[in-house]
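Survey of secondary and tertiary structure
Next come the chains, spelled out residue by residue.
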Protein chains: 2
Amino acid sequence: MNAIILSVGDELVLGQTVDTNSAWISQQLAAIGCDIIGHRTVGDDQALIEIAIAEAASLADVIIVSGGIGPTEDDLTRQAIAAVNEVELVVDEKWLAEIEGFFRKLGRRMPETNRIQAMIPAGAQLLWNTCGTAAGVMAMIKSIDVEGEDDNEELVATEVPLFATPGVPKEMKAMFTRDVLPWLKQRTGGAVILSRILHTFGQGESAVAEKLGELMTRGRNPSVGTTVSGGIVSLRLNARYPSLEEATAKLEETAARCHAELGDLIYGQDDVPLATVVARLLLQDPSHPTVATAESCTGGLVARMLTDIPGSSAYFKYGWVTYANQAKTDLLGVPAQTLIDHGAVSEATVLAMAKGARDRAGATYALSLSGIAGPDGGTPEKPVGTVWIALAHTDGVTARRFILTGDREMIRDRAAKMALTMLRFRLLGKELPF
Amino acid sequence: MNAIILSVGDELVLGQTVDTNSAWISQQLAAIGCDIIGHRTVGDDQALIEIAIAEAASLADVIIVSGGIGPTEDDLTRQAIAAVNEVELVVDEKWLAEIEGFFRKLGRRMPETNRIQAMIPAGAQLLWNTCGTAAGVMAMIKSIDVEGEDDNEELVATEVPLFATPGVPKEMKAMFTRDVLPWLKQRTGGAVILSRILHTFGQGESAVAEKLGELMTRGRNPSVGTTVSGGIVSLRLNARYPSLEEATAKLEETAARCHAELGDLIYGQDDVPLATVVARLLLQDPSHPTVATAESCTGGLVARMLTDIPGSSAYFKYGWVTYANQAKTDLLGVPAQTLIDHGAVSEATVLAMAKGARDRAGATYALSLSGIAGPDGGTPEKPVGTVWIALAHTDGVTARRFILTGDREMIRDRAAKMALTMLRFRLLGKELPF
């Protein structure tokens, strides 16, 4: 079974509202093994809604519409469904009584405009709305299918189920879960798509893809694809199988192969951010390690990431933002001569910053960063994006230089993530793999 | 002129990523008076991308595509464009050299897979990418148009411009703004939609709406609507008029009325963040004031915001993240007895933190914050969301308590913005208006 998801609303096509309904509906459909051909969004224009419904009916096995069933003049989804099927709108007396009762309870008279919400295309079914006045519609859209091949092609009249739900996410989700999903589940015959997202940080998308090799072959099942966001290269695994057992087993097998190819470059999966992974390593360590931060170019970003997590006070106590050279000397004891001889963005400076922070905080680890986030301040020897990061630990202090790309915000973000990554590999007892 | 926006990616049709690109592109198009017929989303399937492009070409005057131009096998937008136009992909030697140079600068060899990113359909134009390796494509899609009416219908070969940009929002936005928008602007002519967004922080949406009164009447032109994001209540003004002059004049008039109703509650407009507004006030002050930060619950977030801006080293020198009580005493000189008597989240503690930070940094201003970001740690007297913020200045130090709502991340974010707002009003020489 495959579906097309249609969203209706001027606010969507004008970009004033981001369409989150389609993504949510897709997730629900994928989870029961229903393929999604695509999403479409049209404005509050009856002719365009009609075209979209008719086209969807010619392509898909089922159509899910959200939006356009409110009480106002620009809500035209029910009219469009009726027009496509060439039928009239008829009043559903039961729902009309329900809406009238709803307004009575508020001590108000039902505005005449709300009457339209009790009307559905003749022959359609009304879907109850448990959290609003906009009832949904389930209609069989008449369409013409081509059956057979080549010379044996035949045009066959067919009917494609369409579910129209409210655009308000809360109402749509309640209706979809209660009425649409069970209907679809009975008809998908148990096929399942299971998904997992594995996250890496530190290497580019193409380098990750190269390591994955044939795992990324198109058409493979489970499929493996990559996406990048905020410097994080993520692997998206999707397993499509007739049964949950098979999908689970195959997904695990492919995930294990990804882990084998990429090792600890994979820091976590699904919704868990890098900072949380590092926090867990710190919290689970029986020696109760603590971390201090001494930041220049990142201006507090590493500290913020390390304290994003509830319970972070167990490992994070002290942080410094030493933006000025004077602050590096005053607060962390970086020798003024080091700054003069090597500059603020140098191995010597970050080593002294990390040592100073670790000593003063009495912490197990200290991370220090100094770099040129730009857009100004770069030189041929130290271009914008140059960031020195040091990690002071129980055996001394190590520093690494990175050349990071992007604008100021991206460089700061990636530098902070790189610092967390250095700490993560230290906590794993391993060398950085790049 | 009208447009269809096409998004490409399995992660979109599977609902793993919400498509924010289409909404952003729509906003840009609407602002220059370009109508949007609709949005379409298809997965990483070359045949479906081809169908979507061909259909869009038959309906729209321009097609904007985002996604599917990365270096991996599941990136198929450029191949689909070439197939629709029945041409080959050819190497753009200039961009190939650019990508190779990019990898050389990082001290790495370009993976062979990246070569595809320097290929464009024959006859197309390459769009430079200033923040990534995926160059864009501008191609004229061959299509057949029906001209004339009824018996005089005639099929006419036509060409519809298509712009293919990366799916990564940052890269897409940079490319769209630099290459696509100016091209479109030259060709829209005529009716104009001018927009402006005014931002407020510190009061709720309904309080802001109440002050705006009849300005928010539906159907008004220019229209005024409100949206909320990250605690910021924004006013969206849209003026639709036949000429740029008229739209500009009417928009200015409505904006002036909004300013009259809300005063300094409006901190800025369009894409300028609160931190930038505060930074500008600091940078423009002829006395060259400096700011220090002493943060507990926000863990470095205020420092990060104050250093988001290039040139921030002029006013930001010293910051402390004193998450532990010991750190508050050691680094800022908060008396241990104050912490015992009043607790870390108290007026006395933030006053001492701000004074300590200001003295130690030799700064003009110091902001301090201590609060309960949750989810744990709340009590009936100090519920989760309780945040004390102090501002030390030339005339002393003042503190305020706020009860902020939301989850941990929201409370931290709002607390930081509230601290910036306190500083902003001090720099304006005014009292907080709430």
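Per chain, the residues get numbers from 1 upward, laid out in the order the sequence is written. All chains are assigned letters beginning with A, and all ligands numbers beginning with 1, in the order in which they are written. Totals for whole chains, interfaces and linings use every residue, but because this is a predicted model, local features are given only for residues with pLDDT of at least 70 and side-chain atom pairs only at 80 or more, for both listing and counting. Note that the side-chain values use all heavy atoms of the structure and ignore hydrogens as well as water.

The name an unreviewed UniProt entry gives chain A is CinA-like protein, with Humisphaera borealis as the organism. Under the heading Sequence similarities (unreviewed entry), UniProt records this for chain A: "Belongs to the CinA family." UniProt positions are given in the numbering used here, feature names are shortened, and annotations may be inferred rather than shown by experiment.

Quick word on the overall build of chain A
A tally of helices and strands in chain A yields 14 helices and 17 strands. For the radius of gyration, the atom set is restricted to C-alpha positions; the globular benchmark scales as 2.2 Å times the number of residues to the power 0.38. In terms of C-alpha radius of gyration, chain A reaches 29 Å, well past the compact-globule figure of 22 Å for 434 residues. When the backbone C-alpha atoms are referred to their principal axes, chain A occupies close to 85 × 60 × 45 Å. Burial classes: relative accessible area under 20% of the type maximum marks a residue as buried, over 50% as exposed, and values in between as partly exposed (1.4 Å probe, protein chains only). Out of the 434 residues in chain A, the part that is buried amounts to 55%. Numbering of helices and strands runs from the N terminus; a helix is a DSSP stretch of H or I covering at least four residues, while a strand is a stretch of E covering at least two.

Quick word on the pattern of salt bridges
All names here are of chain A. The working definition used for a salt bridge is a side-chain nitrogen of Lys or Arg within 4 Å of a carboxyl oxygen of Asp or Glu. In this structure the tally under the stated criterion is 22 salt bridges over all chains. Between Arg257 and Glu214 there is a salt bridge, and its shortest N-O distance comes to 2.9 Å. Of this pair, Arg257 sits in helix 8 (residues 244–262) while Glu214 is found in the loop between helix 7 (205–212) and strand 10 (223–229), placing the two residues 43 residues apart along the sequence. Residue classification places Arg257 among the partly exposed residues on the basis of a relative accessible area of 34%. Across the pair Lys417 and Asp413 runs a salt bridge, and its minimum N-O distance is 2.7 Å. Of this pair, Lys417 and Asp413 both sit in helix 14 (residues 408–428), 4 residues apart, which is roughly one turn of the helix. Exposure remark for Lys417: the relative accessible area of 12% places this residue in the buried category.

A short note on unusual backbone geometry
Residues and elements named next belong to chain A. With an omega of 0°, the peptide bond between Asn221 and Pro222 qualifies as cis. Counting through the fold element by element, Pro222 comes out in the loop between helix 7 and strand 10. With an omega of 5°, the peptide bond running from Gly374 to Pro375 counts as cis. Along the polypeptide, Pro375 turns up in the loop between strand 15 (365–371) and strand 16 (386–393). The phi angle at Glu86 is positive, at roughly 55°, despite the residue not being glycine. With respect to the helices, strands and loops of the structure, Glu86 is situated in the loop between helix 4 (77–84) and strand 4 (89–91). Phi is positive for Asp270, which is not a glycine, with a value near 55°. With respect to the element layout, Asp270 can be found in the loop between strand 12 (266–269) and helix 9 (274–284). A residue is classified by how much of its surface remains accessible, and Asp270, at 32% relative accessible area, is partly exposed.

Some remarks on helix 13 (residues 347–361) of chain B
Residue and element names in this part refer to chain B. Taking 1.5 Å of rise per residue, the 15 residues of helix 13 would be expected to cover 21 Å, and the 21 Å separating its terminal C-alpha atoms lies within 8% of that figure. Thr349, Val350, Leu351, Ala352, Met353, Ala354, Gly356, Ala357 and Ala361 are the residues of helix 13 that are buried. Residue Gly362 follows helix 13 closely and has a positive phi angle near 60°. Between the first and last residue of a helix there are one fewer steps than residues, each counted as 1.5 Å, and that sum is the expected span.

Some thoughts on the packing of helix 7 (residues 205–212) of chain B against helix 8 (residues 244–262) of chain B
In a packed pair of helices, the relevant descriptors are the angle between the two axes and the axis-to-axis distance. Residue and element names in this part refer to chain B. Think of each axis as a best-fit line through the C-alpha atoms, taken over the contacting stretch in the case of a helix, with angles from 0 to 180 degrees between the N-to-C directions. Here helix 7 crosses helix 8 at 115°, and the two axes come no closer than 9 Å. By the angle between their axes, helix 7 is roughly perpendicular relative to helix 8. Note on packing geometry: the crossing formed by helix 7 with helix 8 is right-handed. Seen from helix 7, the contacting residues are Val208, Lys211 and Leu212; seen from helix 8, they are Cys258, Glu261 and Leu262. Any angle from 65 to 115 degrees is called roughly perpendicular, while one under 35 is roughly parallel, one over 145 is roughly antiparallel, and all others are oblique. Rotating anticlockwise by less than a right angle from the far helix to the near helix defines a left-handed crossing, while the corresponding clockwise rotation defines a right-handed one. Every residue pair with non-hydrogen atoms within 4.5 Å of one another is taken to be in contact.

Describing the environment of His39 of chain A
Residue and element names in this part refer to chain A. Residue placement: His39 occurs in strand 2 (residues 35–42). With a relative accessible area of 7%, His39 lands in the buried category. Sequence-wise, His39 and Leu265 are 226 residues apart; in three dimensions their C-alpha atoms are separated by 34 Å. Identification of polar contacts relies on pairs of N or O atoms within 3.5 Å, with a donor-acceptor requirement for protein atoms, meaning one able to donate a hydrogen and the other able to accept it, and with residues adjacent in sequence counted only if both atoms are side-chain atoms. There is a polar contact of 2.8 Å between the side chain of His39 and the side chain of Ser26.

Side note on the environment of Ser243 of chain B
The topology assignment puts Ser243 of chain B in the loop between strand 11 (232–241) and helix 8. Separated by 51 residues in the primary sequence, Ser243 of chain B and Val192 of chain B place their C-alpha atoms 6.2 Å from one another.

Considering the sheet that holds strand 9 (residues 192–201) of chain A
Residues and elements named next belong to chain A. Read from one edge of the open sheet, 4 strands run 10-11-9-12, paired in antiparallel fashion. Every interior strand has two partners, whereas the edge strands, strand 10 and strand 12, have only one. Shown here is a sheet whose adjacent strand axes are inclined to one another by a mean of 25°, direction ignored. Running over the sheet, helix 14 touches strand 9, strand 11 (232–241) and strand 12 and is turned about 90° from strand 9. We treat two strands as partners when DSSP finds at least two bridges between them.

Some details on the domain arrangement of chain A
Residues and elements named next belong to chain A. Where each domain begins and ends is defined by an automated method or by a domain database. Partitioning chain A into domains gives domain 1 (2–188), domain 2 (192–269) and domain 3 (274–428). Centre-to-centre separation of domain 2 and domain 3, based on C-alpha positions: 31 Å. Once two parts are brought into contact, the accessible area they lose, counted with a 1.4 Å probe and summed over both, makes up the buried area. Summed over both sides, the interface of domain 2 with domain 3 buries roughly 790 Å², with 66% coming from carbon and sulfur. The tally of links between domain 2 and domain 3 comes to 3 residue pairs in polar contact (both at pLDDT 80 or more). By the convention adopted, Pro, Cys, Tyr, Trp, Phe, Met, Ile, Leu, Val and Ala count as nonpolar, Lys, Arg, Asp and Glu as charged, and the other residues, Gly among them, as polar. Residues of the side of domain 2 that touches domain 3, tallied by class, amount to 5 nonpolar, 4 polar and 1 charged.

Side note on the interface of chain B and chain A
Each partner contributes residues to the interface: chain B has 73 residues there, and chain A has 74 residues. Interface area, chain B with chain A, both sides summed: about 5,700 Å², of which 55% is carbon and sulfur. The tally of links from chain B across to chain A stands at 5 salt bridges. For Arg412 of chain B, the salt bridge goes to Asp308 of chain A, with nearest N and O atoms at 2.9 Å. Connecting chain B to chain A are 38 residue pairs in polar contact (both at pLDDT 80 or more). Its residues assigned to classes, the side of chain B that touches chain A comprises 31 nonpolar, 23 polar and 19 charged.

Points about helix 9 (residues 274–284) of chain B
Residues Leu274, Ala275, Thr276, Val277, Val278, Ala279 and Leu282 of chain B constitute the buried set of helix 9 of chain B. Looking at the buried residues of helix 9 of chain B, the elements they touch are strand 12 (266–269), strand 13 (291–295), helix 10 (301–306) and helix 14 (408–428) of chain B.

What about the sheet that holds strand 10 (residues 223–229) of chain B?
All names here are of chain B. Read across the open sheet, the 4 strands follow the order 10-11-9-12; overall the sheet is antiparallel. Looking along the sheet, the strands with just one partner apiece sit at the ends: strand 10 and strand 12. Put simply, the sheet's adjacent strands are angled 25° from each other on average, direction ignored. Across 3 bridges, strand 9 (residues 192–201) lies against strand 12 in antiparallel orientation. Within strand 12, the residue paired with Leu198 across the bridge is Gln269.

Section: the side chain of Asp285 of chain A
Mapping Asp285 of chain A onto the fold places it in the loop between helix 9 and strand 13 (291–295). In this structure the side chain of Asp285 of chain A is engaged in a polar contact, spanning 2.8 Å, whose partner is the side chain of Ser287 of chain A.

Remarks on the packing of helix 2 (residues 21–31) of chain B against helix 6 (residues 169–188) of chain B
Residue and element names in this part refer to chain B. For the pair helix 2 and helix 6, the least separation of the axes is 11 Å and the interaxial angle reads 25°. As the angle between them shows, helix 2 and helix 6 are arranged roughly parallel. Judged by the twist between their axes, the crossing of helix 2 over helix 6 is right-handed. Contacts between helix 2 and helix 6 involve Asn21, Trp24, Ile25, Gln28 and Leu29 on the former and, on the latter, Pro169, Met172, Lys173, Phe176, Thr177, Leu181 and Leu184. A per-class count over the contact of helix 2 with helix 6 returns 8 nonpolar, 3 polar and 1 charged.

With respect to the packing of aromatic side chains
Two aromatic rings, drawn from Phe, Tyr or Trp (for Trp, its six-membered ring), form a pair once their centres lie within 6.5 Å of each other, and the interplanar angle then sorts them: stacked below 30 degrees, edge-to-face above 60, tilted otherwise. By the definition in use, this model includes 12 aromatic pairs over all chains. Aromatic side chains Tyr318 of chain A and Trp320 of chain A sit 6.0 Å apart centroid to centroid with 25° between the ring planes, which places their arrangement in the stacked category. The exposure class of Tyr318 of chain A is buried, given its relative accessible area of 5%. Judged by centre distance (5.8 Å) and plane angle (85°), the ring pair of Tyr323 of chain A and Phe316 of chain B falls under edge-to-face. Remark: Phe316 of chain B occurs in strand 14 (residues 316–322) and Tyr323 of chain A occurs in the loop between strand 14 (316–322) and helix 11 (325–332); the pair is interchain, linking two chains. The two residues Tyr323 of chain A and Phe316 of chain B agree in class, both being buried. Only lysine NZ and arginine CZ atoms are considered, and such an atom sits over a ring when it is within 6 Å of the ring centre and within 35 degrees of the ring normal. Sitting over the ring of Trp183 of chain A, Arg187 of chain A keeps its end group 3.7 Å from the ring centre. Above the plane of the ring of Phe425 of chain A lies Arg424 of chain A, whose end atom (NZ or CZ) is 4.9 Å from the centre.

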